[in-house]
Amino acid sequence: MKDFGYTIASAREAFLSGTLTPERLFEHYQRRIAEQNGTLNAYRSVDFSYADHGRDASILAGIPYALKDNMLVGGTIATAGSKILERYVSAYDSTVYAKLRSGGAQLLGKTNMDEFAMGSSGENSAYGVVRNPWDTDRVPGGSSAGSAAAVAADLCVFSLGSDTGGSIRQPAAMCGVVGLKPTYGRVSRHGLMAMASSLDQIGPFTKTVEDAALVLGAIAGPDPLDSTTVPHDVPDYVAEMNGDMTGVRVGVPKEYFGEGLSAEVRERVEGGIRALERAGAEIVEVSLPHSAYALAVYYIVQPSEVSANLARYDGIRYGHSASDADTLLEVYTKSRAQGFGPEPLRRIMLGTYALSAGYFDAYYLRAQKVRALIRQDFDRAFERVDVIVGPTSPTVAFKIGEKSDDPLAMYLSDIYTVPVNLAGVPALSVPCGLGAASGLPVGFHIIGDMFREGMVLRVARHIEHAVRESSEHTH
Amino acid sequence: MLTDAEVNHIAKLARIELTDALRERMKKDLSSVLEYVALLEKADTAGVEPLYQVTGLQNQTRPDERRADFPMDAALFERLVGQAPAHDGRLVKVKAVKRTT
């Protein structure tokens, strides 16, 4: 496997032993970014300077990280990968940024992304294609493309992304890093540009499962500025992660191993399941019978919410405003046509259609009913098992350009991640080895019941151990 | 396949100016997605209540008072209103709703 450079634990150890200072580490990453970003295009901006955070007790003090460019840092540009926000200056801080800053973490830069988080490949940014550090002819996955690539290429210790239908887990799988989507309502969305408000959630990209537990602990919790956050205490995720596998019931849904799954992904994921069994887990076959509908539900619900959320980009209050408009209506129609790329336009129009008079019942209402059935599938399964596992994405990273002319083919790479957002449950992708045919990373998807991130992390930790041991045996 | 008139109507509702090329592209792309989502007709949804949100939280309100956690001061006001392409003091300026003749 790759040498991933500093983790939170190793950086902290180096700080405490005096062999490294936070400022030196910040400069180290600035140098790496300067060397590699021309090729990878993972960062969109790096105009942040070092701030002395002191030696406070926070585990994240002095740790350099990156934020997806749809999260606000007051006084700095946030584009969300769109031309329409090319010069937009954030008026205030997102809650996740405020929490990380108060914990002393050091921001390195904002990462490139599919426009308004719409895409599964990192090819939809107005600021150029993001490349996969494992093979620069391939996509890193998306939409949190730059956040995944930056961690995989060791251009930061960790990063944050947002996940609406797989936008953290799918690129984590394709870049061979850990990516966690928390339970809906676990992390504040204040200062995250809304894409689909009932699905969006912020989470970390990290090099180890332990780091994911640490970052989640730092960003989770109720927030008066986001009334969809739930009033639950934040547990000690590292302690919950450290449990063993004895008696843990691992559900394997047959629906996630059917048509479309590549042989090399299946082989690695099945190997991961056997490793959990050897560690003492009980493997249970479960059924999620409405899985086949998930992508269709998602491509109604998500564009519908998009069409409402992106109505605010109209050339009036901020962002691109057409200079060739004579009337108020022309300001709207021209600013939007000039400012949005093809994917946002596609989704805004699709959602507008699904919500329009005469079609609402057939599309939006029907989709939300099937969404209830998908959630019931998970509820029933979690009566019998602690986690549900499978592949994160049906294939390893694909070639740049391979799917860009066929939106539906692109959407299919999120087929296993989308049901999770519809249900609201937490899920994580952890690397489970390299595909035999391609030599590229494969992601192992672990889904937990509502607010059971600790159990998800515990299972992920065992996959991580198993992969490390088997790679030590073969090398 | 959606018709030109349907695509024009959607674009009008979405406040997006269409070129001929964009109309053709949208017609093709939207039609292929709509064809795919038609599979939802096969799901048995009799008696199923729609799931609009997943946490069950409802009517989350806050006291109707000046909030200390997000102070609206002159600087924030300037950062918000100051980004409008046209503004006049505390007001955002917009174009005429109707074309003047």
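If you're wondering where the values come from, they're calculated on a predicted model, not measured in any experiment. (Residues numbered from 1 in each chain as written. Chains lettered and ligands numbered in written order. Predicted model: local features only at pLDDT ≥ 70, side-chain atom pairs only at ≥ 80, totals over all residues.)

Topic: the overall build of chain B
On a plain count of helices and strands, chain B comes out with three helices and two strands. Starting at the N terminus, the α and β elements of chain B follow one another as α-α-α-β-β. Taking 13 Å as the expected radius of gyration for a compact globule of 101 residues, we find that chain B reaches 23 Å, considerably beyond that expectation. Taking the principal axes of its C-alpha atoms as reference, chain B extends roughly 55 × 50 × 20 Å. Residues counted as buried form 14% of the 101 residues belonging to chain B. (Helix = DSSP H or I, 4+ residues; strand = E, 2+ residues; numbered from the N terminus. Rg over C-alpha atoms; globule rule 2.2 N^0.38 Å. Buried ≥ 20, exposed ≤ 12 C-beta atoms within 10 Å, placed from the backbone.)

Digging into the interface of chain B and chain A
At the interface, 43 residues of chain B touch 56 residues of chain A. When contributions to the side of chain B that touches chain A are tallied by element, the ones reaching two or more residues are helix 1 (4-14), helix 2 (20-37) and helix 3 (74-81) of chain B. With seven residues, helix 2 of chain B is the single largest residue contributor to the side of chain B that touches chain A. The class makeup of the residues in the side of chain B that touches chain A is 28 nonpolar, six polar and nine charged. (Contact = placed C-beta atoms within 7 Å. Nonpolar A, V, L, I, M, F, W, Y, C, P; charged D, E, K, R; others polar.)

Some details on the sheet that holds strand 9 (residues 387-391) of chain A
By definition, the strands of a sheet pair up through backbone hydrogen bonds, in either a parallel or an antiparallel sense. Residue and element names in this part refer to chain A. Overall, mixed pairing links the eleven strands, which are arranged 1-3-2-4-6-5-10-11-9-7-8 in an open sheet. At either end of the open sheet lies a strand with only one pairing partner, and these are strand 1 (43-45) and strand 8 (282-286). Each adjacent strand pair in this sheet contributes to an overall mean axis angle of 35°, direction not counted. Note that strand 10 (residues 427-434) and strand 11 (residues 441-448) share six bridges and pair antiparallel. (Pairing = 2+ DSSP bridges. Axes fitted to C-alpha atoms, helices over the stretch in contact; angles between N-to-C directions.)

Concerning unusual backbone geometry
Residue and element names in this part refer to chain A. In the segment running from Gly142 into Ser143, the intervening peptide bond is cis, with an omega of 10°. Relative to the helices and strands, Ser143 is located in the loop between strand 3 (106-111) and helix 4 (145-152). You will see that Ala117, though not glycine, has its phi angle at about 65°, which is positive. Take Ala117: it is sitting in the loop between strand 3 and helix 4. Positive phi outside glycine occurs at Asp154, with the angle close to 55°. Judged by local crowding, Asp154 falls into the partly exposed class, with 18 C-beta atoms found within 10 Å.

Regarding the pairing of strand 8 of chain A
Note: strand 7 (residues 249-253) of chain A against strand 8 of chain A, five bridges, orientation parallel. By the bridge assignment for strand 8 of chain A, Gly251(A) is matched with Val284(A).

What about the nonpolar core?
With 160 residues, the main nonpolar core has Val297(A), Met349(A) and Ile446(A) as its most contacted residues. Counting residues per element, this core draws most heavily on helix 9 (residues 294-309) of chain A, which supplies nine residues. (Core = buried A, V, L, I, M, F, W, Y, C linked by C-beta atoms within 7 Å.)

Structural notes on helix 12 (residues 361-384) of chain A
Quick reminder: α-helices carry 3.6 residues per turn. Residues three or four places apart thus point the same way. Residue and element names in this part refer to chain A. End to end, helix 12 covers 34 Å across 24 residues, agreeing with the expected 34 Å (1.5 Å per residue, within 8%). Of all the positions in helix 12, only Tyr363, Tyr364, Arg366, Ala367, Gln368, Lys369, Val370, Arg371, Ile374, Asp377, Phe378 and Phe382 are classed as buried. Looking at the buried side of helix 12, the elements it contacts are helix 9, helix 11 (342-355) and helix 14 (418-423). (Expected span 1.5 Å × (residues − 1).)

Points about the packing of helix 9 of chain A against helix 11 of chain A
In a packed pair of helices, the relevant descriptors are the angle between the two axes and the axis-to-axis distance. Residue and element names in this part refer to chain A. Where helix 9 meets helix 11, the closest approach of the two axes is 7 Å, and the angle between their N-to-C directions is 100°. The angle between the axes of helix 9 and helix 11 places the two elements in the roughly perpendicular class. Every residue of helix 11 that contacts helix 9 at Ile300, Pro303, Ser304, Glu305, Val306 and Ser307 is listed here: Arg347, Ile348, Leu350, Gly351, Thr352, Ala354 and Leu355. A class-by-class count of the residues in the contact of helix 9 with helix 11 yields seven nonpolar, four polar and two charged. (Parallel < 35°, antiparallel > 145°, perpendicular 65-115°, else oblique.)

So, the packing of helix 11 of chain A against helix 1 of chain B
Contact geometry for helix 11 of chain A and helix 1 of chain B: axes closest at 9 Å, N-to-C directions at 100°. What the angle tells us is that helix 11 of chain A and helix 1 of chain B run roughly perpendicular. For the pair helix 11 of chain A and helix 1 of chain B, contact is made by Ile348(A), Met349(A), Thr352(A) and Tyr353(A) and by Ile10(B), Ala11(B), Leu13(B) and Ala14(B), respectively.

A few points about helix 2 (residues 22-40) of chain A
Residue and element names in this part refer to chain A. Here helix 2 spans 25 Å end to end across 19 residues, near enough to the 27 Å set by a 1.5 Å rise per residue. Where helix 2 bends most, at Ala34, the angle is about 35°. Of the positions making up helix 2, those classed as buried are Pro22, Leu25, Phe26, Tyr29, Ile33, Asn37 and Leu40. Residues of helix 2 that are buried in the fold lie against helix 1 (8-17), strand 1, strand 2 (64-68), strand 3 and helix 4. Asn41 occupies a position one or two residues after helix 2 and carries a positive phi of about 60°. (Bend = angle between axes of the 7 residues up to and from the residue.)

Here we look at the confidence of the model for chain B
On average, chain B scores 91 in pLDDT, and the residues at 70 or more come to 97%. Across the assembled chains, the prediction reports ipTM 0.94 with pTM 0.97. (pLDDT = per-residue confidence, 0-100.)

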